[in-house]
Amino acid sequence: MKTFHTRRDFLKKTSAAAVATMGMRAPLAGLLSSCESKIPSTADSVILLFMAGGMAHTETFDPKKYTAFRKGMEANEVLSTFPSIPTSLDGISFSEGLENIASVMDKGTLIRSYQAADLGHILHTRHQYHFHTCYEPPQSVVVPHLGSWIAKEKGPLNPVIPPFINIGQRFTVGEGEELKAFHSAGFLGSEYGPFLIPDPTAGLDAVRPPVGMDSKRFESRNQLYKDLISAGPMGEFGSDYQKESLKQSMEQAYMLLNSPEAKAFDLSLEPKESYEKYDTGGRFGLGCLLARRLVDQGARYITVTTEYEPFFGWDTHDNGHTRLKDMKKMIDSPIAQLIKDLDQSGKLDRTMVIVASEFSRDMLTEGRPGLKVLDQVEVPDIIEDMKNYGMHRHFTDGCSVLMFGGGIKRGHVFGKTADERPCKTIENPIKIDGIHQTIYHALGIPADKNYEIEQRPFYTTPDGHGKVEFGLLVG
């Protein structure tokens, strides 16, 4: 039986884990690490395009029977609120509004059988924590983000460019503290944590001092910052490894500040015609453009998110159909253009691009069949108002994921969901440990990679049980 965790429990335990992690020594390579195998890599970089908030599979990449809105319709009738459109793959359809992404699906793999975890209760930030770390929260230590593992094990492609970059997520809205809980390198050290760019149009501001800050003043501030760290919890409880890692992260930031590569963060240097293809009126599209520019300069891992803020974006507790029209306009052109640009430049061969969300949505089912959880959204049996037309409940048993490049098969479909409600996975289920281990494998990181933490081996996936899904990979 799953333990019920409230948001307060989540915060309390992750905060305690943060303090515990500060007191750790350097993570020791465990005995099991000695059996690591050498894996030839097919990818150098990863870009995760994260649709935060719960992207309905039947409204995007796995459409079912379309039923147009009419007053007095039964909620049970509604499987998809958009007509289907063809893709570049014979016999495979997407939902209307995703025509551009549909046109590039011959360059990647469509997964229709991702199953999100049963965590005992639907809470977006807990499921996002699980998706990004592969571990169910809360944990007794601060668990490294997927990007941090990659940064640590692969190192930077370009020593000037931060190996792990997060674009688009603010921590000043909604559940900011819960989001911070998994945007961390944990015991791996601060130098492998995310370089945060909340607004891609202000990317250059993230790598240069404020106006009026000359080099001498900057050095003085930098020394003051070091003194504050020494006098704070890190100085008192942090290990030598943690302190050295923090110092390295600061040195990396200073090196970037004075490098020519800093221009990659300046979107004003992008040609107007190219800029406009990504500019869909929000931060996500320009985040995709910034990700492309940074991969060109040697970024190792990048997350671009539509950003999670409760009841906004993909978090469709009401007005699902209307909201998705806007969300599709935001993502359709930029995602497709990113794939086209990477493919044209030859970068797609060694850059893996993933489009995913923490879970899906359904009109009626909360959770999954057989493991239904407490309803969080009121859905009437008879729909009289447009605001009730759409996928509003949280569904975990059938989610879509797109993967391109970096050794991923081209023009491939993996898995299947039922055509009738509940539209659950019925072929080739895959869970987050399989997704993570497949990414690590493509990068040449072995499944037995672990560090000794709290006198036990800590793996990239829980207990090292994640299995590579070779059905997604070429060869």
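For the structure, see preceding data.
Here the residue index of a chain counts from 1 through its sequence in written order. Given that the model is predicted, a residue must reach a pLDDT of at least 70 before its local features are reported, and side-chain atom pairs must reach 80 or more before they are shown or counted; all residues, however, enter totals for whole chains, interfaces and linings. The side-chain figures draw on all heavy atoms in the structure; neither hydrogens nor water molecules are used.

Novice: I keep staring at the environment of Thr 305 and nothing clicks. Help me out?
Specialist: Working definition: helices are DSSP H or I runs of at least four residues, strands are E runs of at least two. Numbering for both runs from the N terminus. Position of Thr 305 relative to the elements: it lies in strand β9 (residues 301–305). Judged by relative accessible area, Thr 305 falls into the buried class, the value being 8%. Expressed as a C-alpha distance, the spacing of Thr 305 and Ala 52, which sit 253 residues apart in the sequence, is 6.5 Å. A simple rule labels every residue: compare its accessible area, found with a 1.4 Å probe on the protein chains alone, to the largest value its type can have, and call it buried under 20%, exposed over 50%, or partly exposed in between.

Novice: Teacher, can you tell me more about the pairing of strand β18 (residues 450–453) here?
Specialist: In the case of a regular strand, side chains alternate between the two sheet surfaces. Paired strands, as defined in this entry, are two strands with at least two bridges between them according to DSSP. Pairing of β18 with strand β19 (residues 456–459), which is carried by four bridges, proceeds in the antiparallel orientation. Across the sheet, Asn 450 pairs through a bridge with Tyr 459, a residue of β19. Count of turn residues in the β18/β19 antiparallel hairpin: two residues, of which Glu 454 carries a positive phi of about 55 degrees.

Novice: Hey, could you run me through the sheet that holds strand β14 (residues 399–404) in this one?
Specialist: Strand pairing in a sheet is mediated by backbone hydrogen bonds. Such pairs are either parallel or antiparallel. With respect to topology, eight strands assemble into an open sheet ordered β8-β7-β9-β2-β10-β14-β6-β15, the strand pairing being mixed. Here the strands that pair on one side only, and so sit at the sheet edges, are β8 (195–197) and β15 (412–414). This sheet shows a mean twist of 15 degrees between the axes of neighbouring strands, independent of strand direction. Two strands pair when backbone bridges link them, and strand β10 (residues 351–356) and β14 are joined in this way by three bridges, in the antiparallel orientation. Across the sheet, the residue bridging to Val 355 is Leu 402, located in β14. Every axis in this analysis is a line fitted to C-alpha atoms, fitted for helices over the stretch in contact. Angles between the N-to-C directions lie between 0 and 180 degrees.

Novice: Where do I start with the packing of aromatic side chains in this structure?
Specialist: The geometry of two aromatic rings is summed up by the distance between their centres and the angle between their planes. Any pair of Phe, Tyr and Trp rings, taking the six-membered ring for Trp, is counted once the centres come within 6.5 Å. Such a pair is stacked with planes under 30 degrees apart, edge-to-face with planes over 60 apart, and tilted for the rest. Throughout the structure, instances matching the rule amount to 11 aromatic pairs. Where Phe 50 meets Phe 131, the ring centres are 5.2 Å apart and the plane angle is 45 degrees; that geometry is what we call tilted. Placement of the pair is Phe 50 in strand β2 (residues 45–50) and Phe 131 in helix α3 (residues 124–133), with a sequence separation of 81 residues. Phe 50 gets classed as buried once you look at its relative accessible area, which sits at 1%. A residue is classified by how much of its surface remains accessible, and Phe 131, at 6% relative accessible area, is buried.

Novice: Sorry, what's going on with the packing of helix α10 (residues 283–296) against helix α11 (residues 320–345) here?
Specialist: When two helices pack together, their arrangement is captured by the angle between the axes and the distance separating the axes. The interhelical angle for the contact between α10 and α11, taken along N-to-C directions, is 15 degrees, at an axis separation of 8 Å. Classified by the angle between their axes, α10 and α11 sit roughly parallel to one another. Regarding α10 and α11, the two cross each other, and that crossing is right-handed. Every residue of α11 that contacts α10 at Phe 284, Gly 285, Cys 288, Arg 292 and Val 295 is listed here: Met 330, Ile 331, Pro 334, Ile 335, Leu 338, Asp 341 and Leu 342. Nonpolar residues are Ala, Val, Leu, Ile, Met, Phe, Trp, Tyr, Cys and Pro. Charged residues are Asp, Glu, Lys and Arg, and all others, Gly as well, are polar. The residue inventory of the contact of α10 with α11, partitioned by class, reads nine nonpolar, one polar and two charged. In this scheme, roughly parallel covers angles under 35 degrees and roughly antiparallel covers those over 145, while 65 to 115 is roughly perpendicular and the rest are oblique. Helix crossings get a hand from a simple test, with the near helix turned counterclockwise from the far one by less than a right angle marking a left-handed crossing and a clockwise turn marking a right-handed one. Contacts are assigned to residue pairs that have any heavy atoms within 4.5 Å of one another.

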